[in-house]
Each structure stands twice: as structure tokens, then as C-alpha cells.
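Observations on the model geometry
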Amino acid sequence: MPYSEAVEARPLLEEALRERGLLYAWAPLAIPEEAEGRFRRFLAEGRHGGMAYLERGVEARFHLEHRFPWARSALVVFAPYAYPDPGVPKGGIRVGRVARYAWVRDYHLVLGEEVRALEGLARSLGVEAKGYVDHGPIPERTLAALTGIGWIGKSGMFLSQGFGVHAFIGVLLTSLEVEAPFPHPGRCGRCTRCLVSCPTGALLGDGTLDARVCVSYLTVEHKGFIPPALWPGMGEWLLGCDLCQEVCPWERFGKVWRGFRPEPELAHPNLEEFFRLSGRAFQRKFGDTAFARPGRARMARNALIVLSNLGLGEDLLREAAQDPHPLVRRTALHALFRAGLGIEGFLRDPDEGIRAEASVLLGEAPGAVDPFQDGGKSPGPEVKDEGA
């Protein structure tokens, strides 16, 4: 793009973001080789767990010029979400914790709408552009670090003295040329609060993690049975985990984008609904929220683990034993067994694998079963989780 046109387009794009109250910074597309190498090691060591989709498009992720030969820069958009707790609604069983990001409607939709509008504006100004909000192979955090307004901390999160640790990231690739800013120095120093706070030791201290034992991964991305050996580390977390962010000293600089409206029913959901809503009813209520990604059955699984850890909800544990989804029933089996409650009814479960597992639990002392058998997968036939 001619320099004169770029000079005219850039301030108009920036003004549009300021009017919407969003924070932003520019980055060149010179992605460091070390970022790609770190990601490839993460995959090679299997630390991505069941997120097989991350294995696709690695080359494209770090070499954006292959898909977008016109791209010269990224306009990185930040939507801070350090909003306060909206409070606990009355009624229901409302225990457990939900990560702060999920207290609002799905950020992919909310911030995505803003980035799409920005993309449209850019194109109307003659700028080639393509927007992303965590829905394609784009190294968002690496690009955020290349803006020079923050750094990737030991937790692997993007940190900024300007807005703390809670911020969603959107990216608009553009054909505009920008100068590379000075890199922001890492300001973690000798602090290890995030590493110490991680209940499962998932954070490795170098800005990477082992997703296989990360509470956020287990509650959101992991599709199968969660081995009971991991339950204690999951504590009260129903969906996601904020511990490494909550203890970060830079959290005190948190801001809130005015486009977010945290909802009490999302911050403190009624656990009963994860067992009693039909798949369609669940989708109607949670379809545009972060709860839609794990779906009804996996949220019921998570709720059972939280109830087991807290020693609560005996009635719900027994109700879950009759759930239509085998993942929920298998989790209920272990929750009831862990609580010292009767599991004889599982000997008549329709799933052959669950019947066999109940038989073993009844015939052996606690701990005699290998919780990691079959990689934590259900021993019975595979059943697709369609929010049943």
C-alpha cells in the first residue's frame, strides 16, 4: 500500500478502537524462530494432550505470509476482563468456581463482532485485512508480545503493566507497514507465585505448560473420563482455572472493557442444571457461553468432581448414576465410591465397561484400580458427547 494511504488508514482504525473503548497496539509479522521451536517441542512431547487440532497447520501458524502474502502487520486488540464478581443468585446448588473469562457471553462472539467491524473498516479504506479471535492458527500471544506493550510471563499468560493479566486478544492482520517497537522487558524477575499456586504442577516455569494436568484443559478441553488421581488438584474448579492469574502481582493493574457484562448465572451456575437439562435446553441456555465448549455431559462430569472434592451433593451423585451419558455415570461411580456410598447399582449399568469397573471397585480395596487405565478413556464403547 502506498505510504500516503497507510498514513490515512492507520489513525482511522485506531480511532475506531478508541471509540469502542478497546486497547490496541501494532506488531510486525517477524515472528521469532524460538516461538515456533517452543511450540513444536510442546507438541512433540505430547503436552497438548487431546488437542489434536493444534498439530494441524503449525507451519501456517508461524509463517503467516504463506496464507496471507499481503500481510505486513498485526493490529492486536485487547479487551481487558478484570471485572468484579457479579454475585451469587438465589436458589439451586451453587458451589464450585468458574474462571473469570466465562462470566460473560462467549468472548469469541463478543470480541469477534468488534474485530469483524474493524476488518470491514480496513477494507473500506483500501487496506487488505483478516481478523481472528482465537479461532484459527494464529500465535496471538507471540504477536501481543511483539507489540512491545507487555511480555509472556512464567505462567505462559500475556502480562502488561497497562492492563494486568486478564485480557482477551484479537488480531487483525493488515497490509500496512509498521516499524518494530522496542521489546518490553520481562518483569517476572524471581517471582514464582504462579508456579507455586498451580495445584497440579502444570506450569513448567519457562512460559509453557503441560496441558495434560492443567485444570483448565481438564475441565474445558478434555473429552473423556478424568482419572480420580487428578481430582484433588482440581479443587473447586467447574470450568477453567484462574489461580496463576489471581496470584500474579501485575493483576492489580487490571482493567475492564465496557463491552462486557458479567452474569451471576454464569459466574455461579446451578449445578442441578448440568444433570437435568436436556441437550437442547442446555444449548438454549448456554449456547453462546464458554459452557458450550465442554457441553452438558462434561459439565456434569466437572460438577461431580467438585462435589466429590467438597464432600457435598449426595443426592446429585445418586441422580448422576442414572444419567443417560456413560461419561457422567462413570464419574458418578467413582464419586460415590470415593464418598463411601453404595455402588452396587452400577453392576446393572447398561455399559459393559462401567459394570466391569464397578465389579472391580467392589471386590478390591480403594486404590487397587489403576486410575490411568486406557489413558482415562471410558472402558465401554465410544459415545459422542453431543450435549446429551
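Quick summary incoming for the structure in this document. (Residues numbered from 1 in each chain as written. Predicted model: local features only at pLDDT ≥ 70, side-chain atom pairs only at ≥ 80, totals over all residues. Heavy atoms only, no water.)

Considerations on the sheet that holds strand β1 (residues 23–28)
- Spatial ordering of the open sheet is given by β1-β2-β7-β4, a layout of four strands whose pairing is antiparallel. Since the sheet does not close on itself, it has two edges, and those belong to β1 and β4 (129–132), each with one partner. The sheet shows a mean angle of 20 degrees between the axes of neighbouring strands, direction not considered.
- Pairing geometry for β1 and strand β2 (residues 73–80), over six bridges, is antiparallel. Bridge pairing links alanine 27 to alanine 74 in β2.
- Strand contacts of helix α4 (residues 107–124): β2, β4 and β7 (167–174), with the helix running at about 25 degrees to β7, the strand carrying the most contacts. (Pairing = 2+ DSSP bridges. Helix = DSSP H or I, 4+ residues; strand = E, 2+ residues; numbered from the N terminus. Axes fitted to C-alpha atoms, helices over the stretch in contact; angles between N-to-C directions. Contact = heavy atoms within 4.5 Å.)

Structural notes on the pattern of salt bridges
- All chains considered together, the criterion is met by 22 salt bridges.
- A salt bridge links glutamate 15 to arginine 18; the nearest nitrogen and oxygen atoms lie 2.8 Å apart. Of this pair, glutamate 15 and arginine 18 are both found in helix α1 (residues 3–19), three residues apart, which corresponds to roughly one turn of the helix.
- Put simply, arginine 212 and aspartate 210 hold a salt bridge, and the shortest N to O gap is 2.9 Å.
- Given the relative accessible area of 38%, arginine 212 is considered partly exposed.
- Exposure remark for aspartate 210: the relative accessible area of 15% places this residue in the buried category. (Salt bridge = Lys/Arg side-chain N within 4 Å of Asp/Glu carboxyl O. Buried < 20%, exposed > 50% of the residue type's maximum accessible area, 1.4 Å probe, protein only.)

Brief notes about the side chain of serine 155
- As for its placement among the helices and strands, serine 155 is situated in the loop between β5 (151–152) and β6 (158–159).
- Side-chain polar atoms of serine 155 contact the backbone nitrogen of methionine 157, separated by 3.2 Å.
- In this structure serine 155 touches Cys194, Leu203 and Cys244, once residues within four positions along its chain are discounted. (Polar contact = N/O pair within 3.5 Å; in protein donor to acceptor, adjacent residues only side chain to side chain.)

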